[in-house]
Amino acid sequence: MARPALEVADIFRDHGPAWRQANAGHVSLEQLKVMSAIESCRTAVLGGHVLRCEKCTHTVIAYNSCRNRHCPKCQGAAAKEWLAQREAELLPVPYFHVVFTLPARIADIAYQNKAVVYDLLFKASSETMLTIAADPKHLGARIGILSVLHTWGSALTHHPHVHMIVPGGGFSLDGKSWVACRPSFFLPVRVLSRLFRRLFLQKLVIAHAAGELQFFGKHALLKEARAFAAYLAPLRNSEWVVYSKRPFGGPEQVLRYLARYTHRVAISNRRLITCHDKAVTFKWKDYRVEGPERYKAMTLATHEFIRRFLMHVLPAGFHRIRYYGLLASGQRAENIARARELLALPLLPIEAIKAASTEANEPQTSEHPCPCCGGRMIIIETFARDSAWYYRPPAPNLAIRIDTS
């Protein structure tokens, strides 16, 4: 795949120093680390390796990736490796996509309390799904959930929400059978929305009482319990957005969908159009419009573009992909094996399922074929950060013409 003409790294390298200077004291250490990683990704700063084709000896220099989870260039390989590990866990049942979104008032609080509020979003949404699914009036089953946090809208605005991928069924409450949902219906969205609203607000109030929330600027008054309660009051009767999409066609579609969502960053390099001294233009999707007109171009001041990108940097150590219920890490392999048994499928050894979740790809060969002949590229030399490589291609074998006249 061809390299995009413009990358986030280019914008950071050209305009990052001025942005850091203008915002000194207001940028977190994690954001500075992300900027540095993206600027250095696949450059000599990080070192690299020399690749040579086994067939035609074509040689290329490949620089190392930063492997930062916010880097647009690194997430494709990370997604591919992660998906290979998930393939053994898929079941031949319908999979549903459910989205839980925080209201704008809560998103404002989350902006100043990312670790706390994002964690509450995970907990409240997963507890909502597990509770309603276990209710005999609805599904009456123990389900499994894969949940992924996204914090952005298409225009890079702050829009925290979780995408859940859920198998369409689960274990009966006694664990003796598989309970399947209806073909095109999983759980009632309105019921999910009401419980999610109640659980999240309960947890948020508890966090406030425990002193876990911080408030700055125009929200500084929310430190007081009475002001905080008044701020939340309109949210107790408003509709919170919970969206359930139609089921996927099969496990292969689930994998393709997961590849799009699990390792996505705030903006991909391929959405960038131009960058000038004062502005960045990029493609975005206006979800309020139907049809081709929803695809538009937006231009932001360069410093504003950098600010919007960095507002989606997650706190250090925060897990943005989480598993719940039957897919919780401790018992996932055993539960998948049990599900296959209840669905009367060929059994996979538990050890094989566990191995698929832990094996790392062999790093000594390149995934990309030789651009000249399609042969296998092998690593013949590695070099460290800020170091030069020693390999020198052999001189061409030229015939010497001797003039005898």
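See above for the structure.
Residues numbered from 1 in each chain as written. Predicted model: local features only at pLDDT ≥ 70, side-chain atom pairs only at ≥ 80, totals over all residues. Heavy atoms only, no water.

Colleague: Which residues make up the sheet that holds strand β8 (residues 178–180), and what values go with them?
Modeller: Taken in spatial order, the three strands make up an open sheet running β4-β7-β8, and their pairing is antiparallel. For this open sheet the edge positions go to β4 (141–142) and β8, each flanked by a neighbour on one side alone. Taken together, the three bridges between strand β7 (residues 169–172) and β8 define a ladder with antiparallel strand orientation. Within β8, the residue paired with F171 across the bridge is W178. In this fold helix α10 (residues 332–342) packs onto β7 and β8, with an angle of close to 90 degrees to the strand it touches most, β7. (Pairing = 2+ DSSP bridges. Helix = DSSP H or I, 4+ residues; strand = E, 2+ residues; numbered from the N terminus. Contact = heavy atoms within 4.5 Å. Axes fitted to C-alpha atoms, helices over the stretch in contact; angles between N-to-C directions.)

Colleague: Which residues make up the environment of R246, and what values go with them?
Modeller: In this fold, R246 is placed in the loop between β9 (242–244) and α8 (251–261). With 148 residues separating them in the primary sequence, R246 and V98 have C-alpha atoms 9.3 Å apart.

Colleague: Quick one: what's the story with helix α1 (residues 8–22), residue by residue and with numbers?
Modeller: The largest bend in α1 is about 60 degrees, located at H15, with the proline P17 one to four residues further on. Listed in full, the buried residues belonging to α1 are V8, A9, D10, I11, F12, H15, G16 and W19. At its buried positions, α1 is contacted by α2 (29–40), β10 (272–275), β11 (279–285) and α9 (302–310). (Bend = angle between axes of the 7 residues up to and from the residue. Buried < 20%, exposed > 50% of the residue type's maximum accessible area, 1.4 Å probe, protein only.)

Colleague: Residues and numbers for the sheet that holds strand β12 (residues 295–301), please.
Modeller: Through backbone hydrogen bonds, the strands of a sheet pair up, either in parallel or in antiparallel fashion. If you walk across this open sheet you meet the three strands as β10-β11-β12, and the pairing is antiparallel. One side of each edge strand has no neighbouring strand; the edge strands of this open sheet are β10 and β12. Strand-to-strand twist of the sheet, defined as the mean angle between neighbouring strand axes without regard to direction, takes the value 20 degrees. In this structure, β10 lies alongside β11, joined through three bridges in antiparallel fashion. When the bridges of β11 are listed, L272 appears paired with F282. Packed onto the sheet, α9 meets β10, β11 and β12 and runs at close to 110 degrees relative to β12.

Colleague: How would you summarise the packing of α1 against α9 if you had to cite specific residues and measurements?
Modeller: Closest axis-to-axis distance for the α1/α9 pair is 10 Å, and the angle between their directions is 100 degrees. One element, α1, and the other, α9, form an angle in the roughly perpendicular class. For the pair α1 and α9, the contacting residues are V8, I11, F12, H15, G16, A18, W19 and A22 in the first and T302, H303, F305, I306, R307, F309 and L310 in the second. When its residues are assigned to classes, the contact of α1 with α9 shows ten nonpolar, four polar and one charged. (Parallel < 35°, antiparallel > 145°, perpendicular 65-115°, else oblique. Nonpolar A, V, L, I, M, F, W, Y, C, P; charged D, E, K, R; others polar.)

Colleague: Got a sec to walk through the state of the cysteines? Specific residues and values, please.
Modeller: In total, this model carries zero disulfides according to the counting rule given. With no disulfide of its own, C53 lies closest to C373 among cysteine sulfurs, the gap being 3.4 Å. The buried category is assigned to C53, whose relative accessible area is 2%. C66 takes part in no disulfide bond, and the closest cysteine sulfur to it belongs to C74, at a distance of 3.7 Å. (Disulfide = S-S within 2.5 Å.)

Colleague: Got a sec to walk through the side chain of S126? Specific residues and values, please.
Modeller: Residue placement: S126 occurs in helix α5 (residues 114–134). Among residues more than four places away in sequence, those in contact with S126 are I145, M164 and Y324.

Colleague: How would you sum up the nonpolar core? Please name residues and give values.
Modeller: Across soluble globular proteins, you tend to see nonpolar side chains buried next to one another. The biggest cluster of nonpolar side chains holds 47 residues, and the ones touching the most others in it are I106, V117, M129, F186, F196, F200 and L204. Listed by contribution, the elements that provide at least two residues to this core are β3 (95–101), α4 (104–112), α5, β5 (144–152), β6 (158–167), α6 (189–209) and α7 (225–232). Per element, the largest residue contribution to this core is nine residues, and it comes from α5. With residues up to four places along the chain from it excluded, the contact list for L204 reads I106, I109, V117, L120, L213, F228 and L232. Counting 32 residues, the second-largest nonpolar core is a separate cluster that includes L6, W19, A155 and V313. (Core = buried A, V, L, I, M, F, W, Y, C linked by side-chain atoms within 4.5 Å.)

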